[in-house]
Amino acid sequence: MFDQIEMMRMARAMGLHVQQRHIEVARNIANADTPGFRATDLQDFSETYRRDRGEAPLKVSHPRHLDRPDWSSEGARVIQVAGPVSPNGNSVSLEEEMVRAAEVKRHHDLSLAVYRSGLDLMRASLGRR
């Protein structure tokens, strides 16, 4: 039922993106002293979620009708993080990884807030609070 509601689909995709980004940040921190290791990150959520799904557009019969959004919850690509490289070939900066970890926490909280908001809207539409 929830997968048919676009707001809930977006909250779920955002949560999955946060999960994958957290894994990348943890992998970078774990390999901070590994010679030759290159730091990685994920593309931004907005870049990966607004990809076109390749479906035919819905027919809109009135100017005030809403069309289907061009969203897709396809996975994000892992990208190399540009930054200074240490003499042993490692490009992980613990300070930058801590900033990324804080961003991941903030995005996780945002995805939970969107999900709660969707549940509140459904409860209100059913006449429950």
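Residues numbered from 1 in each chain as written. Predicted model: local features only at pLDDT ≥ 70, side-chain atom pairs only at ≥ 80, totals over all residues. Heavy atoms only, no water.

The name given to the protein chain in an unreviewed UniProt entry is FlgB family protein, with the source organism recorded as Paracoccus gahaiensis.

Some words on the layout of surface pockets
Size it by volume and the second largest pocket reaches roughly 150 Å³. In this structure, the second largest pocket is lined by M14, H17, R21, L42, Q43, D44, F45, S46, E103 and H107. Mapped onto the lining of the second largest pocket, the elements with two or more residues apiece are α1 (6-30), α2 (45-49) and α3 (94-125). Among the elements that line the lining of the second largest pocket, the one with the most residues is α1, at 3 residues. The class makeup of the residues in the lining of the second largest pocket is 3 nonpolar, 4 polar and 3 charged. (1 Å grid on protein atoms, 1.4 Å probe; cavity = no way out; pocket = protein on both sides within 12 Å on 5 of 7 lines; lining within 4 Å. Points joined across faces, edges and corners; volume = space filled by probe spheres on them. Helix = DSSP H or I, 4+ residues; strand = E, 2+ residues; numbered from the N terminus. Nonpolar A, V, L, I, M, F, W, Y, C, P; charged D, E, K, R; others polar.)

Considerations on the nonpolar core
In terms of nonpolar packing, the biggest core is built from 7 residues, these being M10, A11, A13, M14, F45, Y49 and V114. Elements with a minimum of two residues in this core: α1 and α2. Sort the elements by how many residues they give to this core and α1 lands first, with 4 residues. Each residue touching A11, except ones within four places of it in the same chain, is listed here: S111, V114 and Y115. Core analysis: the next-biggest nonpolar cluster, separate from the first, contains 5 residues, A32, F37, V81 and V92 among them. (Core = buried A, V, L, I, M, F, W, Y, C linked by side-chain atoms within 4.5 Å. Buried < 20%, exposed > 50% of the residue type's maximum accessible area, 1.4 Å probe, protein only. Contact = heavy atoms within 4.5 Å.)

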